[in-house]
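Spelled out, the chains give:
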Amino acid sequence: MMRQLTFSLLLVVMTAVIGLGWSIDQWYDSQYAAQEDPAVKTYQQLSQEFIRLISLTNITQAQLQQWAALSHGQVQIIPYAEFPLPPDLKQSFESGEPLLLDSGSGISLHYLVAAQQNVISFQFPSNGRTGINSHLRLVLTLLFYSGLALLVFVWLYPLLKRLSLLRKIAGRFGSGDLTARIPPAKISYIADIEQEFNRMAQRIENLIYDNKLLSRGLSHDLRTPIARLRFGLDVLEEANLSPAQEKTLSHLNRDLMAMETLVETLLSYARMEQGAIAFKPIPVDLHKWLSNIMQEFYSESVVVIADPEVDARVLADIEYLNMLIHNLVQNAERHGKGKIIVSVTASEREVCLTVEDDGVGIPSAEREHVLKPFYRIASGQNTQGHGMGLAIVERIAQWHKARIVLGNSQRLGGLKVSVVFVSGNY
């Protein structure tokens, strides 16, 4: 694919250079070559008459050198041995044919005086159109490069158009539209890449669908046997059991409760992954909302720091905002030692909701992983929970177009989780 693309680009550039150069050269010759002929013929006639005069008057070489010295460089006498010529010109030059050279500075004519084995060179000025020719050359040069750029752009435009479409479709796919595909085109330089993208997108969509189906099915199917186990354990609690049996029953209750929590968590996350949520954002003042929810659920265990004078309004869904703060505070309770600080700060562009605890925190190397489902930090840390709390927080933050920042708490020494919202997004 890349080899064909490179070859076609080189072919277009070479064709454009050769074609434009040849076309401009042909046009210039047809328009201006004939206009230069009269001047050149006049120079040739004058120089030929002078050579004939020299032959008739038998001017000596010394006299010729003296006359050339008085010509101020217009005439030069060069020994033929010091006048190199290519073999294809040498024969005609020795037979008496003049040698005409045209340069930007003027025209030069060269004749061989065979009797003296000298070359007489005449320097003639240009024909008076130097200024016009310089402007014309500039115009033709600009025309050449403009035409070259135009041809390359004509070649590049379909490629740029398809690349722009690929970027747009990839953005839609990354935003959650798993059905986004690149429509085929009759002509496309990157058709192979587009087909590979579509195949990759289809595989990802199938994989995500299978994963959702599996998690949803397992979670729902587990609910029935768990309910039966719960009913059986409740019946056993009413029976007369020995101390050892009661201890075993207590362990079973604890394990069953953990299983119930896991299944409910899985169901909640599966619903989020399905995208079938009723997300209804409204303007929310984080100061008032935080004060109300902390007083209702965490009045004794959490310290709230907020400045009600600062505008901390954001566009949010109250239900999922409540779920977010509950997950953060419960995570801090689970992994901390008892002290929790929740604060709200605001700037011109951002509103930041922060939860800090006095636990051991999360190492820097682990922070990019703890936002993934079911990931728990390395051994030696508190491994309670199922590794879903921060993953749910991350998903809710994405719905609100907010970002999660993990760091170390300067006030308590543990983990600091910040949810940064866009200020004024209401």
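Structure: above.
Note that the structure is predicted; figures quoted are calculated from it, not measured.

J.: What is the right way to look at the overall build of the chain in this model?
T.: Counting its regular elements, the chain contains nine helices and 11 strands. Relative to its 426 residues, the chain shows a buried fraction of 33%. Across the chain, every contact between residues at least 6 apart in sequence was considered, and the portion connecting residues at least 24 apart equals 64%.

J.: Would you explain the packing of aromatic side chains in this entry?
T.: Applying the stated rule across the entire model yields two aromatic pairs. For the pair Tyr320 and Trp399, a centre-to-centre distance of 5.1 Å together with 85 degrees between the ring planes defines the contact as edge-to-face. Here Tyr320 is found in helix H8 (residues 318-335), whereas its partner Trp399 is found in helix H9 (residues 389-399), with 79 residues between them in sequence.

J.: Got a minute to help me understand helix H7 (residues 286-297) in this structure?
T.: Note that an α-helix has 3.6 residues per turn; residues three or four places apart therefore point the same way. Between its first and last C-alpha, H7 extends 16 Å over 12 residues, near the 16 Å set by a 1.5 Å rise per residue. Taken together, the buried positions of H7 are occupied by Leu286, His287, Trp289, Leu290, Ile293 and Met294. Here the buried residues of H7 occupy an arc of 165 degrees about the axis, which is enough to place them on one side. Along H7, the residues that are exposed and aim more than 90 degrees away from the buried face are Lys288, Gln295 and Glu296. In this structure Asp285 caps H7, since a side-chain oxygen of it lies 3.0 Å from the backbone nitrogen of His287.

J.: Looking at this structure, how should I read the packing of H8 against H9?
T.: To describe two helices that pack against each other, one gives the angle between their axes and the distance between the axes. Interhelical geometry of H8 versus H9 gives an angle of 150 degrees and a closest axis separation of 9 Å. Judged by the inter-axis angle, H8 sits roughly antiparallel to H9. Two packed elements cross with a definite hand, and for H8 against H9 that hand is left-handed. Contacts from Tyr320, Met323, Leu324, Asn327, Leu328 and Asn331 in H8 reach Gly389, Leu390, Ile392, Val393, Ile396, Ala397 and Trp399 in H9.

J.: Explain the side chain of Thr354 to me, please; I cannot follow it from the model alone.
T.: If you trace the backbone, Thr354 turns up in strand E9 (residues 350-357). Taking the relative accessible area as the measure of exposure, Thr354 reaches 5% and is therefore buried. Looking at Thr354, its side chain comes within polar contact range of the side chain of Ser418, at 3.2 Å. When residues no more than four places from it in sequence are discounted, the contact partners of Thr354 are Ile341, Val342, Ser343, Lys416, Val417 and Ser418.

J.: Please explain H9 as it appears in this structure.
T.: Taking burial as the measure, the 11 residues of H9 include nine buried ones, the bulk of the element. Where H9 is concerned, the buried positions are Leu390, Ala391, Ile392, Val393, Glu394, Arg395, Ile396, Ala397 and Trp399. Phi for Lys401, located one or two positions after H9, is positive at around 55 degrees.

J.: What should I look at first to understand the pattern of salt bridges in this one?
T.: Side-chain pairing between opposite charges can occur once the charged atoms of the two side chains come close. Under the counting rule described, the total for this entry stands at seven salt bridges. Of the charged contacts, one joins Arg403 and Glu350 as a salt bridge, the two residues approaching to 3.0 Å between their closest N and O atoms. Residue Arg403 is located in strand E10 (residues 403-408), and its partner Glu350 is located in strand E9; the two are separated by 53 residues in the primary sequence. The partly exposed category is assigned to Arg403, whose relative accessible area is 44%.

J.: Hey, could you run me through the sheet that holds strand E11 (residues 415-422) in this one?
T.: Sheet strands pair by backbone hydrogen bonding; their relative direction is either parallel or antiparallel. Strand order in the open sheet formed by five strands is E6-E8-E9-E11-E10, with mixed pairing between adjacent strands. The sheet is open, and its two borders are formed by strand E6 (302-306) and E10, each paired with just one other strand. Looking at each pair of strands side by side, their axes are set apart by 15 degrees on average, direction ignored. Summarising the sheet, strand E8 (residues 340-346) and E9 pair through seven bridges and their orientation is antiparallel. Looking at E9, one finds that Val344 is bridged to Leu353. Packing of H7 onto the sheet brings it into contact with E6, E8, E9 and E11, and relative to E8 it is tilted by some 165 degrees.

Parameters and conventions
- Residues numbered from 1 in each chain as written.
- Predicted model: local features only at pLDDT ≥ 70, side-chain atom pairs only at ≥ 80, totals over all residues.
- Heavy atoms only, no water.
- Helix = DSSP H or I, 4+ residues; strand = E, 2+ residues; numbered from the N terminus.
- Buried < 20%, exposed > 50% of the residue type's maximum accessible area, 1.4 Å probe, protein only.
- Contact = heavy atoms within 4.5 Å.
- Phe/Tyr/Trp six-rings, centres within 6.5 Å; stacked < 30°, edge-to-face > 60°.
- Expected span 1.5 Å × (residues − 1).
- Arc of directions from axis to C-beta.
- Polar contact = N/O pair within 3.5 Å; in protein donor to acceptor, adjacent residues only side chain to side chain.
- Axes fitted to C-alpha atoms, helices over the stretch in contact; angles between N-to-C directions.
- Parallel < 35°, antiparallel > 145°, perpendicular 65-115°, else oblique.
- Left-handed = near helix turned anticlockwise from the far one by under 90°.
- Salt bridge = Lys/Arg side-chain N within 4 Å of Asp/Glu carboxyl O.
- Pairing = 2+ DSSP bridges.

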